Amino acid sequence: MRKKARKDFRLHLLVCAGTGCAANGSFIIKDALEKEIVKQGLEDEIAVITTDCQGFCERGPIVIVQPDGIFYHRIKKEDVPHLVEEHLFKGRPVKSMMFVPSPEEPAIPRLMDIGFFKHQRLIVLRHRGRLDPENIEEYIGFEGYSSLEKALTRMTPPEIIKEIKASGLRGRGGAGFPTGVKWELCRTSPGKKKYIVCNGDEGDPGAFMDRSVLESDPHTVIEGMLIGARAIGAHKGYIYVRSEYPLAVKKLLIALRQAEEYGLLGENILGTNFSFTIDVVQGAGAFVCGEETALLASIEGKVGRPRPRPPYPAEKGLWGRPTNINNVETWANVPVIIARGALWFSSIGTKRSKGTKIFSLVGKINNTGLVEVPMGITLGQIIYDIGGGIPDGKEFKAVQTGGPSGGCIPRELLDLPIDYEGLSKAGSMMGSGGMIVMDEDTCMVDVARYFLNFTQEESCGKCPSCRLGTKQMVHILNRICEGTGGEHDIAFLEEVGRSVKLASLCGLGQTASNPVLTTIKYFREEYLAHIREKRCPALVCKSLISYIIDPQTCSGCTVCAKNCPSAAISGEAKKIHTIDQTKCTKCGICLSVCPPKFKAVKKTSPAVQ
Amino acid sequence: MMTLTINKKKVRAKKGETVLEVAQREGIYVPKLCYLKGVTPYGGCRLCLVKVKGWEKPVTSCTLLVEDGMVVETETPLLKRLRRFSLQLILSEHPHACLVCEKRIECADYQECIQKTAITSGCKFCARNGNCELQELIDYLKIEEIPFSFKYRNMEIEKCDPFFERDYNLCILCGRCIRACQEIREAGTLDFHHRGPETMVGTAYGLPHLESGCQFCGACVDVCPTGALRERYSKWEGVPEKSVQSTCLLCNIGCSIDLKINDKKLINTTPTHEQICVRGRFGIAPLVYHPKRITQPLLKKGDRLVQVEWKEALAYVAETLKAYTGKTGILFTPQMPVKAIDSIYALARHLKSTIAAPLALDAVVRPFDVKKFERGSVILIVNTDMVSDFAPVLLHARKHSKMQHRIIVIDAVKSRVAEMADLWLQPRPGKESDLVRTLFAGGRIGKSVGVSQEDYTSCRDAVKEGPVYLLFNADNMKGMKLPKRVSVLPLASSINTLKILEMGTDDSAERVLKDKSVDCLYTIGVAPRLDRKYKRLIVQDSFPPSFDFDLFLPAASFVEIDGTVVNINGKIKRLHKATEPLGNSRPDLWIIKEIGKALNCDLTKRTIRRKRRGKKSQLRKITVTKKYPLYLIVRKNSFVYRGHMLSALMKGFERLRYDNRIWINSATARKLKIADGADVRVIGQAIDLTLPARITDHVPPDSALIYAHPSLAISGDQSVRIECIKS
Amino acid sequence: MSKIEKILKDHHYKRSRIIQILQHVQAEYKYLPKDILESVSQKLKMPLSTIYSIATFYAAFSLTPRGKHLCTVCMGTACHVRGAPDVLARIEEKLGVETGGTTDDKQFTLETVNCLGACALAPIVVIDGTYHGQTTVNKVGGLLDKYHEKKGT
């Protein structure tokens, strides 16, 4: 119905309603647009439609005017009348709301001309911004579930597996195990009852592609699971979603209900003898449940403590039965591979890593958002061509990939082509695809400490190496950040880090020291600055920095003194202020409130001999 | 069978075995801490790591199943390094100043240590010193220093519960106690809580074990590799130097136990193969060395009891018994070796005296092995709290059953087993036997029984065919006709019950006490309440009775003697002497024999007495009246040693069981304005007792419960009234 | 039917659904009250220690009553590098509680989360389910005041 209706309108306004844009008020913009359109009498000509995540989240709220593909970003409610009148009524696109890559460059009207979108290759996110996830018909309209039909009626299960194997698809959630091989192991494992699981416990901080896929294209995942279930011989599937994603659960439940209504889930799917159902299980806030054995324990209603492998889930998984686990992004690749063939899929990417990968480009980067790129693209291309470089003219320092299991990659490796092997050779890993960009204001020791604190808190507590080894590393890193570390601490950190990797049971412990080991490897001089000179070059570590007021530029406006929560600033109006270092808690408020015209408050970290 | 190579040695293994098990069998030592035989491997301590050829990373051998042709190394430099690393980390949270002290061997000879070790954290002040798995591993892995910063958890030592205490500052989170509690005992009192560095072992909300449903079986204490869980009684008794296998006499199951001896003293008792209960684990050693135990013959001279030699005591007995031939009543405990029982019968015959043991003698018994429940059968538990009283039997029942069995409980009292049963029928008090009878005889159930027709029908359907195991409390189900497929065990009866049933007996203990012709009473391990005066009272026991006596003959405890007993399955179990009888005490058999010698009587002749039973005892009908408005449920107490309630002798049992109190329904107690712990007077047609109250919802409204005991002189349900004693 | 009976029935009294059951209990009571867990334990015949173990393992569960407003600060990596620790410190100071605590007037409970997957908005503070992106140390005061005002009305 809706598709038909769409053609009747002259213009379509696509308002992004992803989590990012919604939080930025996209629904307010939508309401304002609708009201304004009615006011202008355009309601018969122009339709306002909400779409799923466009991926360019930082620029929200985003509105795209179709069919021309004009991209408007950071729209405010008060801009709406102007936009409607100029563009929709008079036909003159509004430059002031368009994307401007840098002050020196002109505004770019079309979405596809913007670097952020231009360099992406959309496979998993192929429906991005084009369909309503709560309406199965729209998915079907984009030939959704035709791969399932093909797999059910024109392919045998071994043929499906052969196709997936030939495509070279590898697990998108972690170490990159070949998906087809995994399916085959589970298929050939003895046992009548088999399960498949979709791992949506996207725990890596800074990664949110699975959330985006689940929220904006749930049927792709469901279709992928159906095909996998057919290939493996599973009768029941579970989608495990972390508790922090309530919207994804909501959208999934709607999608599952609709799929059942359409006979795509349940008994005798599409008239065949294939039957399959899916349950959604919500996590409860434990990073370790991303590890497959812990995830299975959690589905069984237990504490998520990993158990040793073998036996692998393919032999003994849920309730002791053969189980196949893939993450959201992996499942979402499956329908496309079946539809377009292994040959096509394997033509994208590098020799050993095929297809595309979604990265969440976040941190100190101009264009924050989700990007899907072919394997083999270099870090530099992602950060500069798509990400638009570092904001405020700062210097790029490192990019952290792979979440707490990954590592920090320095600028020397910007030309590194991204694939599974390349990243692990650099000491990091693909992980789920978080890409956190760091600039000169990011302290690498502090980052290492951040991740170690994270893994320490998220350790299930089973192995001493993980439970206590990470804690010991945090102790040492704390010492270094406080300026009380010794030079031997670096070697000791490396020694402990290497042992933790080998002595721990699961992936969490086995990779926990990566952030420390890579930062030491690439940023040793920053560690040494903390140790030898008691100085934090990035001005982050609180114990090593101080705030001072430059007497040359302080005008005595008293703003800093009024805002100081610990009454550490003294000085009368129109007179130079000073900060009592003994009282200062280094909260940084003075710096942020000091009027830009004076810039009198400064952060320093002088070397101590 | 398959072959694998461990450290270049070819070894054979069965499918399903782990590499660790095979290595252990082949005498190849692999260090480990979290491994525990018989429970799910955990793979958490990381000490049993081995290297498998072709595998990239080391794996834990406790979780690794053998594969044909597997090539395993257990002692590579990397494995040694990783083991040291893991153990050093474990020790970064376990007080270790003494563990890695270079003078730790010399230190043993000194009282105090010159090292600055906090008193509470030094090995010398740990109950497991010398018997600690960490000490062994430190020697094996040659750990001389801990390069990590140490954290003392500073958790309060949990001393609030009876029998054992917990110092979680010493816990290494191996999870053995948890798996023992959950998997072996199916109790689920302990679990891990929190996660990461906060991970700890404990009960829900850190509640005392008494409030967490703990049975105090001690399985957790026995598997702890450190001093974190320690038995209170034997805490400072050191490492046992020998172990003697014997049998526990404290109930009718007669579990095999190991008597742990140090310096000629029994320090504690542990299970030999299988699981035991709180009685066998924590009750025995404190009984043997109980401060109230009498270990010298005492003779009344004038108004005073005087310590005498055995010669004088025996002469007095012989003289007295001779003088009172035909006028002596003998009451004896079944908790002594069968030979002693034979001898006392022979003596009784010689003296023409009446003899009885406090038993339910017309109980139905169709014995079966409590370790072998047939599959597909139903376990019908009547008036017996299997969880609190006979947990090891229940474990067998559940292990053999799993899905096939159904556990059905019939009990007016909300017992712990009722709460876990598949089906619980709660009839009105006193109606249990009616219910069971109807269940097997067929027919509809009367309204007065108080069970819904629906529950009754599902229960009847469950027991309609196939084997049924009926476990019940002896005094409640006299003279019942049951189909052959029903096996019956009165679990609450004492050990040797079958022996005594075979011997036959003149009378019940009650009737011996009421017999007017008895002028001399000779009690062996029975401490009844006496309602009349006797001319002579001879007591042979370990603890003093509540009445005055003329002579006390100190009996040895069952760990101090050799002999055999018969358990409820009809199995003969051996008692082995582990220590010398304390003081001047002597085995019961020795005492009886000496008396026999003095009386010139041949005690070796075996006596079988015909049961001189009159008409079958009738079930008394209990009616609640205005005068006696409460229904008093009387349960046989199975926590008794030689006529003494364990609760009366040991505070821990009292806190665990409250079986020395009268249990009153809370609504009833409110009506009567009775507070928990207050002394109340219980008055019935035949009784008048004063005892403390326990207010509980486990007893149904308008009723109360007492655990019967010889010293209360009460048997069978009755109607009573309860009065609050004003303090 | 009591609330708890209804929750258990919705999950077919299945022990494997315990995590979801606890989530529902928490949605109903805002935390996991002890007496409710005891009743769940009895009705599912599941040891209370196991339930307690689950409730303390998973970060989403709270065993203590929460305040009227739940303030969650995202501590994901993107938020961290963009100043989340300072924002958190400021909120702690403003509310006078440490992370995980509830203010004395029972108005606010302060918690942290590892990543909300809305990194583009870093640093994020969520109050009662509403996302507040690009929070700075300066904005914190006004943000909390808005909710404090609601208390008055």
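Quick notes on the rules
Residue numbers run consecutively from 1 along every chain, following the written order of its sequence. In the order they appear in the text, chains get letters beginning with A and ligands get numbers beginning with 1. Where totals are concerned, whole chains, interfaces and linings use all residues; where local detail is concerned, this predicted model gives features only for residues with pLDDT of at least 70, and gives and counts side-chain atom pairs only at 80 or more. Values reported for side chains reflect all heavy atoms of the structure, with hydrogen atoms and water molecules removed beforehand. For the domain bounds, the source is a domain assignment made automatically or taken from a database. Residues are treated as being in contact if the distance between any of their heavy atoms lies within 4.5 Å. Buried area is understood as the total, over both parts, of accessible area removed when two parts are fitted together, assessed with a 1.4 Å probe. Between Lys or Arg on one side and Asp or Glu on the other, a salt bridge is scored when a side-chain nitrogen of the former is within 4 Å of a carboxyl oxygen of the latter. The term polar contact refers here to a pair of N or O atoms within 3.5 Å; inside protein, the definition further demands a hydrogen-donor-capable atom paired with an acceptor-capable atom, and it admits residues adjacent in sequence only when both atoms are side-chain atoms. Charged residues are taken to be Asp, Glu, Lys and Arg, nonpolar residues to be Ala, Val, Leu, Ile, Met, Phe, Trp, Tyr, Cys and Pro, and polar residues to be all remaining types, Gly included. By definition, no residue in a patch forms a salt bridge, and every one has over 30% relative accessible area; like charges are joined within 9 Å, nonpolar side chains (Val, Leu, Ile, Met, Phe, Trp, Tyr) within 5 Å. Computed with the Shrake-Rupley method and a 1.4 Å probe, the accessible areas treat only the protein chains shown as cover for residues. Strands are runs of DSSP state E lasting at least two residues, helices are runs of H or I lasting at least four, and both sets are numbered from the N terminus onward. Three exposure classes are used, based on accessible area relative to the maximum for each residue type with a 1.4 Å probe and protein chains only: buried under 20%, partly exposed in between, and exposed over 50%. By this rule, a helix spans an expected 1.5 Å times one less than how many residues it contains. Note on charges: Lys and Arg go in the positive column, Asp and Glu in the negative column, and His and the chain ends are not counted at all. Charge positions come from single atoms, namely NZ of Lys, CZ of Arg, CG of Asp or CD of Glu. The aromatic pairing rule takes the rings of Phe, Tyr and Trp, using the six-membered ring of Trp, and pairs them if the centres are within 6.5 Å, calling planes under 30 degrees apart stacked, those over 60 edge-to-face and the rest tilted. The rule is short: NZ of Lys or CZ of Arg within 6 Å of the ring centre and within 35 degrees of the ring normal puts a charge over the ring.

## Describing the domain arrangement of chain B
Residue and element names in this part refer to chain B. One can read the domain layout of chain B as domain 1 (164-288), domain 2 (378-490) and domain 3 (630-724). Centre-to-centre, using C-alpha coordinates, domain 1 lies 29 Å away from domain 3. Counting residues at the interface gives nine residues for domain 1 and 10 residues for domain 3. Interface area for domain 1 against domain 3, summed over the two sides, is near 870 Å², with a carbon-plus-sulfur share of 81%. By the criterion of area lost to domain 3, the three top residues of domain 1 are Leu210, Arg279 and Leu287, representing 53% of everything that side buries. Counting across the domain 1 and domain 3 interface gives zero salt bridges. The interface formed by domain 1 and domain 3 holds one residue pair in polar contact (both at pLDDT 80 or more) in total. Per-class residue counts for the side of domain 1 that touches domain 3 are seven nonpolar, one polar and one charged.

## Focus: a nonpolar patch on the surface
All names here are of chain A. Together, Phe177, Val181 and Leu185 give the surface a local cluster of nonpolar side chains, amounting to about 250 Å² of exposed area. Relative to the assigned elements, phenylalanine 177 resides in the loop between helix H8 (157-167) and helix H9 (179-188). Overall, phenylalanine 177 belongs to the partly exposed group, its relative accessible area being 43%.

## Description of helix H2 (residues 77-91) of chain B
The end-to-end C-alpha distance of H2(B) is 21 Å, a good match for the 21 Å that 15 residues give at a rise of 1.5 Å each. Three or more residues of H2(B) are buried, namely Leu79(B), Leu82(B), Arg83(B), Phe85(B), Ser86(B), Leu87(B), Gln88(B), Leu89(B), Ile90(B) and Leu91(B). Against helix H19 (464-467), helix H20 (469-481) and helix H21 (488-503) of chain A together with strand E3 (49-52), strand E5 (71-73) and helix H4 (133-141) of chain B lie the buried residues of H2(B).

## What to know about the interface of chain C and chain A
Facing the 36 residues of chain C at the interface are 53 residues of chain A. Of the roughly 3,400 Å² buried between chain C and chain A on both sides combined, carbon and sulfur atoms contribute 56%. Per-residue buried area on chain C facing chain A is highest for Phe57(C), Thr77(C) and Val81(C); these three make up 18% of the total on that side. Where chain C touches chain A, the interface holds two salt bridges. A salt bridge links Lys542(A) to Asp86(C), with the nearest nitrogen and oxygen atoms 3.0 Å apart. Applying the counting criterion to the chain C and chain A interface returns 21 residue pairs in polar contact (both at pLDDT 80 or more). Elements represented by at least two residues in the side of chain C that touches chain A include exactly helix H2 (18-29), helix H4 (48-57), helix H5 (77-81), helix H6 (84-95) and helix H7 (137-152) of chain C. Among the residues forming the side of chain C that touches chain A, the class breakdown is 20 nonpolar, 11 polar and five charged.

## Section: the pattern of salt bridges
Pairs can form between side chains of opposite charge whenever their charged atoms are close. Under the criterion given, the structure shown has 70 salt bridges over all chains. The partner of Glu526(A) in a salt bridge is Lys397(A), and the shortest N-O contact between them spans 2.8 Å. One end of the pair, Glu526(A), is in helix H23 (residues 514-532); the other, Lys397(A), is in strand E11 (residues 396-401), and 129 residues separate them in sequence. Linking Arg281(B) and Asp222(B) is a salt bridge whose minimum nitrogen-to-oxygen distance equals 2.7 Å. Here the residue Arg281(B) occupies a position in helix H7 (residues 278-288), and Asp222(B) occupies one in helix H6 (residues 219-223), the gap between them amounting to 59 residues. On the basis of relative accessibility, which here comes to 2%, the residue Arg281(B) falls in the buried class. Three or more residues joined by partner-sharing salt bridges are found here, namely Glu85(A), Glu86(A), Lys90(A) and Arg92(A).

## Re a negative patch on the surface
A grouping of Glu102(B), Glu106(B), Glu144(B) and Glu145(B) is seen on the molecular surface, where their side chains present a negatively charged patch. Of the residues examined, Glu145(B) reaches a relative accessible area of 52% and is grouped as exposed.

## Considerations on unusual backbone geometry
Each neighbour pair has its own omega, and for Gly60(A) with Pro61(A) the value is -5 degrees, a cis peptide bond. Assignment of secondary structure puts Pro61(A) in the loop between strand E2 (46-51) and strand E3 (63-66). With phi around 65 degrees, Glu143(A) is a residue other than glycine that occupies positive phi space. Checked against the element boundaries, Glu143(A) lands in the loop between helix H6 (136-141) and helix H7 (146-153). Residue classification places Glu143(A) among the exposed positions, given a relative accessible area of 62%. Even without being a glycine, Lys264(B) presents a positive backbone phi close to 65 degrees. Positionally, Lys264(B) belongs in the loop between strand E11 (256-262) and strand E12 (265-271). Judged by relative accessible area, Lys264(B) falls into the exposed class, the value being 73%.

## Quick notes on the packing of aromatic side chains
Aromatic ring pairs: the centre-centre distance and the angle between the two ring planes describe each pair. Inspection of every chain in the model, using the stated rule, returns 36 aromatic pairs over all chains. Between Tyr195(A) and Tyr238(A), the aromatic rings sit 6.1 Å apart at their centres with planes inclined by 40 degrees, giving tilted as the arrangement. Of the two residues, Tyr195(A) is situated in strand E5 (residues 195-200) and Tyr238(A) in strand E6 (residues 236-241); the sequence distance between them amounts to 43 residues. The interplanar angle of 65 degrees and the centroid separation of 5.5 Å between the aromatic rings of Phe368(B) and Phe373(B) together place this pair among those described as edge-to-face. When the ring centre of Phe639(B) is taken as origin, the NZ or CZ atom of Arg279(B), which lies over that ring, is 4.0 Å away. Positioned above the aromatic ring of Tyr534(B) is the side chain of Arg532(B), whose terminal nitrogen or guanidinium carbon lies 4.1 Å from the ring centre.

## Remarks on the environment of Val197(A)
All names here are of chain A. Position of valine 197 relative to the elements: it lies in strand E5. By relative accessible area, valine 197 is classed as buried at 0%. Measuring from C-alpha to C-alpha, the distance between valine 197 and isoleucine 278 comes to 9.0 Å, with 81 residues separating the pair along the chain. Once you skip the residues sitting within four places of it in the chain, valine 197 turns out to touch Met225, Tyr238, Leu295, Leu296, Ile299, Leu318, Thr323, Asn324, Ile325, Asn326 and Trp331.

## Regarding the side chain of Arg642(B)
Residues and elements named next belong to chain B. Along the chain, arginine 642 falls in the loop between strand E28 (640-641) and strand E29 (644-645). The exposure class of arginine 642 is buried, given its relative accessible area of 1%. Side chain to side chain, arginine 642 and aspartate 541 meet in a polar contact 3.2 Å long. Once you skip the residues sitting within four places of it in the chain, arginine 642 turns out to touch Thr333, Gln335, Ile524, Gly525, Val526, Gln540, Asp541, Ser542, Ala555, Ala556 and Asp588.

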